[in-house]
Amino acid sequence: MGKTVLSIENIVKKFGNVAAVNGVSLTIQDGDFFALLGPSGCGKTTLLRMLGGFDSPTSGHIFMDGIDITDVPPNKRQINMLFQSYAVFPHMNVEDNVAYGLRMEKRPTTEINQRVQEALALVRMEEFAKRPPDKLSGGQRQRVALARALIKKPRILLLDEPLSALDAKLRGAMQTELVRLQQTVGITFIIVTHDQDEALSMATRIAVMDEGSFCQVDAPRVLYEAPSSRFVADFIGRMNMHECIVIAEQDNGYCINAGGDMGEISVRHAPLPGVRAGDKIYYGVRPEKVIFSKDKPADNVGNAVVLENYSYHGDETLLYCRSQDGTLWTCTLTNDRRNFTPVNVGELGWLTWAADNMILLAK
Amino acid sequence: MSKPALLDYAARWWMRLFLAMFFLLLYAPIVILIIFSFNDSKRNIVWRGATGKYYAKAWANDSLIEAFINSLTIAVANMIVGTLLGVITAILLWRFRFPAKKAVEGVLALPIVIPEICMGVAMLVFFNKWWPNNLVWPLNLVNIIIAHVTFTFPFVAVIVRGQLAGLNREFELAAMDLGASEWRAMIDVLLPQIKPSIIAGALIAFTLSLEDFVITYFTAGPDSITLPVKINSMVRFSVTPEVNAASTILIIITIVAVWLAMRIQKEKTNG
């Protein structure tokens, strides 16, 4: 850990007059499981393709181990890619697919055979060596594609939406599998995904991307618990987000007026640059940190609401509530008992939370 | 009997009738042609009993055999050159962006839609008039092959282009990612995947050339007669069973070629 393996500087990629990637810079450490997360069309796949060498940036540079590789073609980069469609060659069996990269390197046959065996063992596909790809499931095809890329012993493996073609159950299993693999081989992974759950559960660091720029680059926990902008707060997970007014700056936080049934609340919070008393900012609180209760909270941190609707998800129930000033709130109930009949539509109650669970957002 | 299900087409009497008519119209003339090639009659109108002597007669007819060999030579040469040209054209159009690409794509279809007679006349003018007068283009097999390639390679290109359109480019990118050059990726990954359409295209080029009459008629010199042209000249005197025999041989070659191509494709998929 700690050594920079890849750094990109001011990468711009324009298609005609539209900038798909708009001047991004980034450093990625050796051994990172790095996720590029963003809505579709945010430029994350374009960026990944430039890292792989399949597209060249309009301006900017890509460095690997300090060497400029911006104009190096894909077959000369120590970077391999797992394609979204997996691109397992349909006219070759599993073994030949995995061996392809080493055959291009003109390795001796004995070495190829041995390394193919190792690579197949790594992805637990040994017994499928002679199968043609059309006799494999989606998950197995992905394993073949993984083995085929990892056998090249790249410095970096790029993964383009690797789990999007799998069904929900398999996706969960592959998430753990990918993390296990990454830790086994110790190669830096850069994954592109639009699924925040995927990014949060697998990555060590995440870059949230929107309209060709990075919004925030941080560890998953920081992104979720301390987003730096409303876009990130809203994009990652669910968030109740409302306006408030800063009353005063305090030693280790702010005093805000959140309106509604709430009075002035002191929130412990990291400093927000440029925010002064009297500014209108936003506060957010995650649904799982909100409690639906019958009683008015003693510390006044909470809102009187009417339960408008709810959705049952098995492990949890999402409550959709409306406060008296007409704003919509969500609250998560964990279904931790079997005979749990907690809510009725139309029920009146209070949404409460601890003040320190509030996130203040200046932009 | 219960009512047939909506998609159970074969259970409806009118569907069966349609199918019967379809096959009758398609194959009855061919079947009659083959049957009458065994007819023991010079006139070939009334059935006079079976004989194989017209095959022997056709075999003994030197000019017919020569025409036949000419046809095969032209068809094979045309197939090789036309397929090569067609595949390259299709890949170029699929893979690269270049100026006037749309125009090239449109012009490519012209030899397919232009009436054959126009192509024939154009070829005649090309080889006789447009070519500098002091240089005489030898009217031999080569100019027929050139004429055939001109009108068959667009068919190959269109067929191969069709399969390329449905192809995922990531296969090629993946090959390059694994260390293949662009050229290697094309040979290792692209060509094997479009093999079915290449075979189909080659076959079309072969049969189009083998059976072509109009364009060949305009470009053939006195010493380079092909089988269709020869059959035409024979028919001008009378339709003898010998003509039927020659035609039957042509049909059989075509069927064998189709069958072979299908087998090659099947072997590939059974891999």
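Conventions we followed
- Each chain has its residues counted from 1, running along the sequence as written.
- As they are written, the chains are lettered A onward and the ligands numbered 1 onward, keeping that order.
- Selection of residues for local features in this predicted model requires a pLDDT of at least 70, selection of side-chain atom pairs for listing and counting requires 80 or more, and totals for whole chains, interfaces and linings are taken over all residues.
- The side-chain numbers reported here are obtained from all heavy atoms of the structure, hydrogens and water having been left aside.
- By this definition, two strands are paired if DSSP reports at least two bridges between them.
- We count a stretch as a helix when DSSP gives it H or I for four or more residues in a row; a strand needs E for two or more, and each element gets its number in order from the N terminus.
- Should any heavy atoms of two residues lie within 4.5 Å, those residues are considered in contact.
- Buried area is a sum: the accessible area each of two parts loses on coming together, probed at 1.4 Å, counted once for each and added.
- Whenever Lys or Arg places a side-chain nitrogen within 4 Å of a carboxyl oxygen from Asp or Glu, that contact is recorded as a salt bridge.
- Here a polar contact means two N or O atoms within 3.5 Å. Within protein one must be a hydrogen donor candidate and the other an acceptor candidate, and residues neighboring in sequence count only if both atoms are side-chain atoms.
- Residue classes follow a fixed rule: Ala, Val, Leu, Ile, Met, Phe, Trp, Tyr, Cys and Pro count as nonpolar, while Asp, Glu, Lys and Arg count as charged, and any other residue, Gly among them, counts as polar.
- Comment: axis = line fitted to C-alpha atoms, over the contacting stretch for helices; angle = value between 0 and 180 degrees taken between N-to-C directions.
- What sets the label is the angle itself: under 35 degrees gives roughly parallel, over 145 gives roughly antiparallel, 65 to 115 gives roughly perpendicular, and the rest give oblique.
- Two helices cross in a left-handed way if the nearer one is turned anticlockwise from the farther one by less than a right angle. They cross in a right-handed way if the turn is clockwise.
- For every residue, the accessible area obtained with a 1.4 Å probe (protein chains only) is divided by the maximum for its type, and the residue is called buried under 20%, exposed over 50%, and partly exposed between those limits.
- We define a nonpolar core as any set of buried Ala, Val, Leu, Ile, Met, Phe, Trp, Tyr and Cys residues linked to one another through side-chain atoms lying within 4.5 Å.
- Two aromatic rings from Phe, Tyr or Trp, using only the six-membered ring of Trp, form a pair when their centres are within 6.5 Å; if the ring planes differ by under 30 degrees the pair is stacked, by over 60 it is edge-to-face, and anything between is tilted.
- Geometrically, a lysine NZ or arginine CZ counts as sitting over a ring once it is within 6 Å of the ring centre and also within 35 degrees of the ring normal.
- Neither His nor the chain ends contribute to the count of charged residues, in which Lys and Arg are positive and Asp and Glu negative.

Trainee: Would you take a moment to explain the pairing of strand β14 (residues 280–285) of chain A for this structure?
Mentor: It is a general feature of regular strands that their side chains alternate between the two faces of the sheet. Residue and element names in this part refer to chain A. Pairing analysis gives six bridges linking strand β11 (residues 240–250) to β14, with the strands arranged antiparallel. Its bridge partner being in β14, Glu243 is matched across the sheet by Tyr282. Bridge analysis of β14 against strand β20 (residues 359–361) gives three bridges, and the strand direction is antiparallel. Looking at β20, one finds that Tyr282 is bridged to Leu361.

Trainee: Looking at this structure, I do not really get the interface of chain B and chain A. What am I missing?
Mentor: It is common to give the size of an interface as the accessible area that goes away when the parts come together. Between chain B and chain A, the contact holds 18 residues from the first and 24 residues from the second. When chain B packs against chain A, the two sides together hide about 1,700 Å² of surface, and 63% of this comes from carbon and sulfur. Three residues stand out in chain B for area buried against chain A, namely Glu170, Asp177 and Leu178 of chain B, and they jointly supply 42% of the buried area on that side. The interface formed by chain B and chain A contains zero salt bridges. In this structure, the connection of chain B to chain A is made through eight residue pairs in polar contact (both at pLDDT 80 or more). Secondary structure elements with two or more residues in the side of chain B that touches chain A: α8 (170–177) and α9 (182–193) of chain B. Considering only residue class, the side of chain B that touches chain A consists of 10 nonpolar, four polar and four charged.

Trainee: Just to check I follow, could you spell out the sheet that holds strand β1 (residues 4–15) of chain A for this structure?
Mentor: The pairing of strands in a sheet happens through backbone hydrogen bonds and is either parallel or antiparallel. Residues and elements named next belong to chain A. Pairing is antiparallel across the open sheet formed by four strands, whose spatial order is β2-β1-β4-β5. Across the chains shown, the open sheet's two edge strands, defined by having one partner strand only, are β2 (18–29) and β5 (67–68). Helix-sheet contacts for helix α1 (residues 44–52) involve β1, β2 and β4 (59–64), and the interaxial angle to β1 is about 120 degrees.

Trainee: Sorry, what's going on with the sheet that holds strand β15 (residues 291–293) of chain A here?
Mentor: Residues and elements named next belong to chain A. Taken in spatial order, the five strands make up an open sheet running β15-β19-β16-β17-β18, and their pairing is antiparallel. The sheet is open, and its two borders are formed by β15 and β18 (328–334), each paired with just one other strand. Strand after strand, the sheet turns through a mean of 45 degrees between neighbouring axes, direction not considered. Pairing analysis gives three bridges linking β15 to strand β19 (residues 348–352), with the strands arranged antiparallel. Among the inter-strand pairings, Phe292 is bridged to a residue of β19, identified as Leu351.

Trainee: Could you clarify how one ought to interpret the packing of helix α7 (residues 141–165) of chain B against helix α10 (residues 195–211) of chain B in this entry?
Mentor: Residues and elements named next belong to chain B. In contact at an axis separation of 9 Å, α7 and α10 are set at 155 degrees when each is read in the N-to-C sense. Judged on the interaxial angle alone, α10 and α7 are roughly antiparallel. Relative to α10, the crossing made by α7 is right-handed. Counting all contacts with α7, which are made through His148, Phe151, Thr152, Phe155, Val156, Ile159, Val160 and Gln163, the residues of α10 involved are Pro196, Ser197, Ile198, Ala200, Gly201, Ile204, Ala205, Leu208 and Ser209.

Trainee: Can you help me understand the pairing of strand β3 (residues 33–37) of chain A in this one?
Mentor: Residues and elements named next belong to chain A. Counted residue by residue, β3 has five buried out of five residues, so it is predominantly covered. Here β3 shows no split at all, with Phe33, Ala35 and Leu37 on one side and Phe34 and Leu36 on the other all buried. As judged from the five bridges shared by β3 and strand β8 (residues 188–193), these two strands associate in the parallel manner. If you follow Phe33 over to β8, its bridge partner there is Phe189. Two strands pair when backbone bridges link them, and β3 and strand β9 (residues 205–210) are joined in this way by four bridges, in the parallel orientation. Bridge pairing in β9 links Phe34 to Arg205.

Trainee: What exactly am I supposed to notice about the packing of helix α2 (residues 94–104) of chain A against helix α4 (residues 138–150) of chain A here?
Mentor: Residue and element names in this part refer to chain A. α4 packs onto α2 with a crossing angle of 30 degrees between their chain directions and a minimal axis gap of 7 Å. On the basis of their axis angle, the class for α2 and α4 is roughly parallel. Both α2 and α4 take part in a crossing whose hand is right-handed. Taking contact as the criterion, the partners of Val94, Asn97 and Val98 in α2 are, on α4, Val144, Ala147 and Arg148. Its residues assigned to classes, the contact of α2 with α4 shows four nonpolar, one polar and one charged.

Trainee: Would you take a moment to explain the nonpolar core for this structure?
Mentor: One recurring pattern in soluble globular proteins is that nonpolar side chains are buried together. All names here are of chain A. In terms of nonpolar packing, the biggest core is built from 47 residues, with Val98, Leu146, Leu157, Leu159, Phe189, Ile206 and Ile236 touching the most fellow members. Tallying contributions element by element places α4 first for this core, with six residues. Aside from chain neighbours lying at most four places away, what touches Phe189 is Asp32, Phe33, Phe34, Leu150, Leu157, Leu159, Leu178 and Gln182. Ranked by size, the runner-up nonpolar core spans 43 residues in total, among them Val24, Leu51, Phe89 and Ile156.

Trainee: Where do I start with unusual backbone geometry in this structure?
Mentor: Residue and element names in this part refer to chain A. Even without a glycine there, the phi angle at Tyr86 is positive, about 70 degrees. Examined against the element boundaries, Tyr86 turns out to sit in the loop between β6 (79–82) and α2. Phi is positive for Glu211, close to 50 degrees, though the residue is something other than glycine. The residue Glu211 is located in the loop between β9 and β10 (213–218) in this model. On the accessibility criterion, Glu211 (64% relative accessible area) is exposed.

Trainee: Explain the packing of aromatic side chains to me, please; I cannot follow it from the model alone.
Mentor: What characterises a pair of aromatic rings is the spacing of the ring centres plus the angle enclosed by the ring planes. Under the defined criterion, the tally for this structure stands at 13 aromatic pairs over all chains. Relative to Phe235 of chain A, the ring of Phe231 of chain A has its centre 5.6 Å away and its plane inclined at 10 degrees; by these criteria the two rings are stacked. In this pair, Phe231 of chain A and Phe235 of chain A both sit in helix α8 (residues 230–235), four residues apart, roughly one turn of the helix. Between Phe213 of chain B and Tyr217 of chain B, the ring centres sit 5.1 Å apart and the planes meet at 35 degrees, which makes this aromatic pair tilted. Following the ring pairs from residue to residue traces out a cluster consisting of Phe18, Phe22, Phe23 and Tyr27 of chain B. A cation sits over an aromatic face here: Arg286 of chain A above Tyr224 of chain A, 3.9 Å from the ring centre.

Trainee: Which parts of the structure should I look at to understand the side chain of Lys101 of chain B?
Mentor: All names here are of chain B. Here Lys101 shows up in helix α4 (residues 101–108). We note that Lys101 is buried and unpaired, the nearest opposite charge coming from Glu105 at a distance of 5.4 Å. Dropping the residues within four chain positions of it, Lys101 is found in contact with Leu93, Trp94 and Phe96.

Function-wise, these values are silent; they only describe arrangement.
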